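Next come the chains, spelled out residue by residue.
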Amino acid sequence: MYKYVSYVSHQAHNLSDDGIKRLLKHSRKNNEAVGITGLLIFFEGVFTQYVEGPADAVDTLYKKIEKDSRHNQVVKLASGKIDNRYYGDWSMAYEELTTNQYTDITGYKTLDKQHYFKSPLSNFEHPGIDLLESFLGSLRNYDI
């Protein structure tokens, strides 16, 4: 049995490409060490992430993210227990979406950040969850 958490957050300050590469390298190393796998999507200053793994490791990571100065407005989208991993091969898959990719995946031309940072009404009723699900469905169209 594993735990998962998905969330959205707004970057606190602009990260350069090198800053994101350093973040990913560090995150992948740490995630692998504690058995966490997942997916991170970045678009227009917004992070949308899904992580899964041992419950204690996921809880510890999420608490760190909530306190991390690189994130503002952290909103938990969903969490729960799963029997099998969805992303067992990805210590942290990453994609920075272009506007065209975002439009193709979601069907929306712009990201409604005001709506994006509202708490979900229930699990899986949030544009962040829609983006994750749509993105995963489109993987056959884009290289990660």
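Given the structure is predicted, the values throughout are model-derived calculations rather than measurements.

(A) Main features of helix 2 (residues 55–67). Between its terminal C-alpha atoms helix 2 stretches 19 Å, which fits the 18 Å expected from 13 residues at 1.5 Å a residue. Where helix 2 is concerned, the buried positions are Ala 57, Val 58, Leu 61, Tyr 62 and Ile 65. Taken down its axis, helix 2 places every buried residue within 125° of arc, on the same side. The outward face of helix 2, more than 90 degrees from its buried face, is lined by the exposed residues Asp 56, Lys 63, Lys 64 and Lys 67. Where helix 2 is buried, its residues touch strand 1 (2–11), helix 1 (17–34), strand 3 (46–53) and strand 4 (71–82).

(B) Broad picture of the nonpolar core. Grouped together as the largest cluster of nonpolar side chains are 16 residues, with contacts concentrated most on Leu 24, Ile 36, Leu 40, Val 51 and Tyr 94. Among the secondary structure elements, those contributing two or more residues to this core are strand 1, helix 1, strand 2 (37–43), strand 3 and helix 2. Tallying contributions element by element places helix 2 first for this core, with 5 residues. Tyr 50, Ala 78, Ile 82 and Tyr 87 belong to the second largest nonpolar core, which has 5 residues in total.

(C) Local environment of the pattern of salt bridges. A full pass over the atoms with the stated rule returns 1 salt bridge. For the salt bridge of Lys 3 with Asp 59, the shortest nitrogen-to-oxygen distance reads 2.5 Å. Residue Lys 3 is located in strand 1, and its partner Asp 59 is located in helix 2; the two are separated by 56 residues in the primary sequence.

Parameters at a glance
- Residues numbered from 1 in each chain as written.
- Predicted model: local features only at pLDDT ≥ 70, side-chain atom pairs only at ≥ 80, totals over all residues.
- Heavy atoms only, no water.
- Helix = DSSP H or I, 4+ residues; strand = E, 2+ residues; numbered from the N terminus.
- Expected span 1.5 Å × (residues − 1).
- Buried < 20%, exposed > 50% of the residue type's maximum accessible area, 1.4 Å probe, protein only.
- Arc of directions from axis to C-beta.
- Contact = heavy atoms within 4.5 Å.
- Core = buried A, V, L, I, M, F, W, Y, C linked by side-chain atoms within 4.5 Å.
- Salt bridge = Lys/Arg side-chain N within 4 Å of Asp/Glu carboxyl O.

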